[in-house]
Amino acid sequence: MQGLEIQFQIQSAEGVRLHLQNGETLIDAISSWWCVIHGYNHPRLNKALLEQANDFSHVMLGGLTHEPARKLAEKLVAISPAGLDHVFFADSGSVGMEVAMKMSVQYWKNIGVTGKHRFISLLRGYHGDTTGVMSIGDPEEGMHHLFQGYLPQQIFVRPPEGAGNGSGTIRHTVEEALQELRAALEKHHHEVAAFVCEPLLQGAGGFNFYPASYLTQARKLCTEFNVLMVLDEVATGFGRTGTLFACEQAHVSPDIMVLAKGLTAGYLGLSATLASHKVFEAFLGEGYEKAFMHGPTFMGNALAASIALAGIEIFQNENYLAKIKRIEDVLHQELSSLDSPMLREARVLGACGVLEFNDASQHKGLQTFAAEHGVWLRPFLNVAYTMPAYVMSEDDLRTICGVMREWTQQ
Ligand SMILES: *Cc1c(COP(=O)(O)O)cnc(C)c1O
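All of these numbers come straight from a predicted model, not from anything done at the bench.

### Observations regarding the nonpolar core
The biggest cluster of nonpolar side chains holds 140 residues, and the ones touching the most others in it are Leu 76, Phe 195, Phe 207, Tyr 214, Leu 215 and Phe 238. There are two domains that each give this core at least three residues, and those are domain 1 (10-34 + 319-408) and domain 2 (47-316). Each residue touching Phe 195, except ones within four places of it in the same chain, is listed here: Ile 120, Leu 122, Leu 181, Tyr 214, Ala 218, Cys 222, Val 227, Leu 228, Met 229 and Val 230.

Dropping the structure here:
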């Protein structure tokens, strides 16, 4: 949160447009922190919400269960990478990741391996704002110094930097990054429960893109060193990098995968932590001794589950992957070749276009400039980016890119 900034008050929203109280309209370039993938006020999602509300909105998922939760779990298992066969619902990306971390630690305890309770994660990563996941987020960006003594100490390695999908300047190669990961695993594997990362696209830590080959090799290293692999697909899941899940591009199945954001498309909070049968099995047993004790009140909320099911149906029936490919093509045309003394780099991956400035001062005023041109952008760190809803028209997308380009050419 920032104190000194203009607040825009929203009256209504539809498709990719935000209608303000003062009568102005903005094209949303960032789909409300990347979650509103179907656009605002979607008739089919509205219908799913209302129909479910007329049956019931919520019941506890302890002892009771219901169709929307069961169907959504089945659907997620069907569409996710092979081997992810079990689903745990919680209420936000952060909590979904907390669940993944607790599951990883308890997995080793349950199978009788002691001492594995730390995590290896990537610098520039972001996994949410609750305490456990803060500890695996970038130490500097996550301001770990403020919480010293409170946060568990994790192990960080540098990701490959630059050259994600062939664009950009290489600053840290895949080989260098893999050597670093191997060294960390050699030194710490006996105390590490899991390696955690955002696949291909590191979001809130500054939009670093890295090649799929890193993920493929990291999966092999995790297996070699007996460490679980947890993939945080909260931002990348549901098409953002061009495939339904980013890890498909690396042909890997993690042991645990977390989804949120696009899952409910901005309607309600919901996360799904998917786990392999190997992980699931470790929690079975007589009584509660090995059980996974995590029971959020809103677990498997029926309204959220119904919306998620409708959203997945829309994604599949309306061929969203083709829409995403068209967005990627336009972003490449508009942004990839941008040249400006302000810019360190312009890069594109799937439905994500990023301008990296030499430093943050160079986008100061861009948010206001964009709003004056009818576009809602929100630059942060040293980047300005667009991550539009997949239903955005080519014209609207070119308007957004035009504003970003114009700023860099002044
Ligand atoms: C947004 C995000 C989270 C946190 O999700 P919330 O729903 O905001 O708690 C976790 N991981 C990644 C990669 C994210 O982008």
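### A look at the domain arrangement of the chain
According to the domain assignment, the chain consists of domain 1 (10-34 + 319-408) and domain 2 (47-316). Using only C-alpha atoms to locate each centre, domain 1 and domain 2 end up separated by 27 Å. Listed by partner, the interface residues are 24 residues for domain 1 and 27 residues for domain 2. Note on domain 1 versus domain 2: buried area summed over both sides is about 2300 Å², and carbon and sulfur give 61% of it. Looking at the side of domain 1 facing domain 2, the largest losses of area belong to Trp 34, Arg 347 and Leu 349, adding up to 30% of the total buried there. Linking domain 1 with domain 2 are 2 salt bridges, by the criterion used here.

### Details of a nonpolar patch on the surface
On the surface, Met 143, Leu 146, Phe 147 and Tyr 150 cluster together into a nonpolar patch covering about 430 Å² of accessible area. Of note, Leu 146 is situated in the loop between helix H5 (131-136) and strand E6 (155-157). Judged by its relative accessible area of 56%, Leu 146 is exposed.

### Quick look at unusual backbone geometry
Phi angles above zero are rare outside glycine, and Trp 33 is one such case at about 55 degrees. Structurally, Trp 33 is set in helix H1 (residues 31-34).

### Here we look at the sheet that holds strand E1 (residues 10-14)
The strand order across the open sheet built from 4 strands is E1-E2-E3-E15, with neighbouring strands paired in mixed fashion. Strands at the two margins of the open sheet, each flanked by one partner only, are E1 and strand E15 (375-376). Where strand E2 (residues 17-20) and strand E3 (residues 25-28) come together, 3 bridges link them in antiparallel fashion. Looking across to E3, one finds that His 19 is bridged to Thr 25.

### Some remarks on the state of the cysteines
According to the stated counting rule, one finds 0 disulfides in the structure shown. For the unlinked cysteine Cys 247, the closest cysteine sulfur is that of Cys 197, found at 9.6 Å. In this structure Cys 401 is a free cysteine whose sulfur lies 11 Å from that of Cys 352, the closest cysteine sulfur available. According to the relative accessible area criterion, Cys 401 is buried, its value standing at 0%.

Conventions adopted
- Along each chain, numbering runs from 1 in the same order as the chain's sequence is written.
- In view of the model being predicted, local features appear only for residues whose pLDDT reaches at least 70, and side-chain atom pairs are presented and counted only at 80 or more, with totals across whole chains, interfaces and linings using the full set of residues.
- Side-chain numbers come from the whole structure's heavy atoms, not from hydrogens or water.
- We define the nonpolar core as a collection of buried residues of types Ala, Val, Leu, Ile, Met, Phe, Trp, Tyr and Cys that are connected through side-chain atoms lying within 4.5 Å of one another.
- Classification of residues uses two cut-offs on accessible area relative to the type maximum, computed with a 1.4 Å probe and protein chains only: under 20% is buried, over 50% is exposed, and between them is partly exposed.
- Domain ranges listed in this record stem from an automatic or a database domain assignment.
- Contacts: residue pairs with any heavy atoms within 4.5 Å of one another.
- Summed over both partners, buried area is the accessible surface (1.4 Å probe) that two parts give up on being assembled.
- Think of a salt bridge as a Lys or Arg side-chain nitrogen and an Asp or Glu carboxyl oxygen that are within 4 Å of each other.
- Within this analysis, patches are made of residues with over 30% relative accessible area and no salt bridge. Like charges are joined at 9 Å or less; nonpolar side chains (Val, Leu, Ile, Met, Phe, Trp, Tyr) at 5 Å or less.
- The protein chains shown are the only cover counted for residues, whose accessible areas, like all others here, come from Shrake-Rupley with a 1.4 Å probe.
- Numbering goes from the N terminus for both helices and strands, where a helix is a DSSP run of H or I of at least four residues and a strand is a run of E of at least two.
- A strand pair is defined by DSSP finding two or more bridges across the two strands.
- Counting rule for disulfides: a pair of cysteine sulfur atoms within 2.5 Å.

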